[in-house]
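Structural overview for review
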Amino acid sequence: MDGILTSDTVITFGSILILLQIGSLAINIWSKVRRSPPIEQTLSEYVRKDDFERETDALRANDRELYDLLRNQTSNCHAVVTRRDNDFKTWQLGLERQLGRIEEAIHTISKQP
């Protein structure tokens, strides 16, 4: 070999270059197809179904407790209003009786000569 490349050498180097380009193309395609960021990293920002169900169950229990407290408070307020209403009616009847007695006394006094 006196500095001239033989055809077998050129074919060999050409084949190696073609294989390297095919490998580079495969690696490039692989890097484009892969998820970036990985699915685990993407899903870490979201709530898992078990955690979501546990939290919603806890919130439902909390809602039931609040509803029960609200119902008890409403029942207590209703009882207080009913009691106050009955007290007011009793007071009103007593006042009407007293006014009736006063009117009767005034009427009796006005009939006297």
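Anyway, here's the lowdown on the structure attached to this text. Within any chain, residue numbers begin from 1 and follow the written order of that chain's sequence. Reporting of local features is limited, given that this is a predicted model, to residues whose pLDDT is at least 70; pairs of side-chain atoms are given and counted only at 80 or more, and all residues count toward the totals for whole chains, interfaces and linings. Excluding hydrogens and water, the side-chain values take into account all heavy atoms of the structure.

1. Here's the deal with helix α1 (residues 7-33)
For clarity, the threshold we go by: Per the convention used, a helix needs a DSSP run of H or I reaching at least four residues, while a strand needs a run of E reaching at least two, with both numbered from the N terminus. Given the number of residues in a helix, its expected span is that number minus one, multiplied by 1.5 Å. Only protein chains enter the accessibility calculation, which uses a 1.4 Å probe; a residue is then buried when its area is under 20% of its type maximum, exposed when over 50%, and partly exposed in between.
A rise of 1.5 Å per residue sets the reference length of α1, with its 27 residues, at 39 Å; its end C-alpha atoms lie 38 Å apart and thus fit the reference within 8%. By the criterion of burial, α1 is predominantly exposed, with just zero of the 27 residues buried.

2. Observations regarding the environment of Ala 58
Note on placement: Ala 58 falls in helix α3 (residues 49-111). Separated by 35 residues in sequence, Ala 58 and Gly 23 have C-alpha atoms that sit 54 Å apart.

3. A closer look at a nonpolar patch on the surface
Condition: Residues forming no salt bridge and having over 30% relative accessible area are the ones grouped into patches, like charges within 9 Å of each other and nonpolar side chains (Val, Leu, Ile, Met, Phe, Trp, Tyr) within 5 Å. Every accessible area reported is derived by Shrake-Rupley at a probe size of 1.4 Å, with residue values counting cover from the shown protein chains alone. Any carboxyl oxygen of Asp or Glu that lies within 4 Å of a side-chain nitrogen of Lys or Arg is treated as forming a salt bridge with it.
Residues Phe 88, Trp 91, Leu 95, Leu 99, Ile 102 and Ile 106 make up a contiguous nonpolar surface patch of roughly 610 Å² in combined accessible area. Relative to the helices and strands, Trp 91 is located in helix α3.

Without other data, these values stay purely geometric and don't point to any function.
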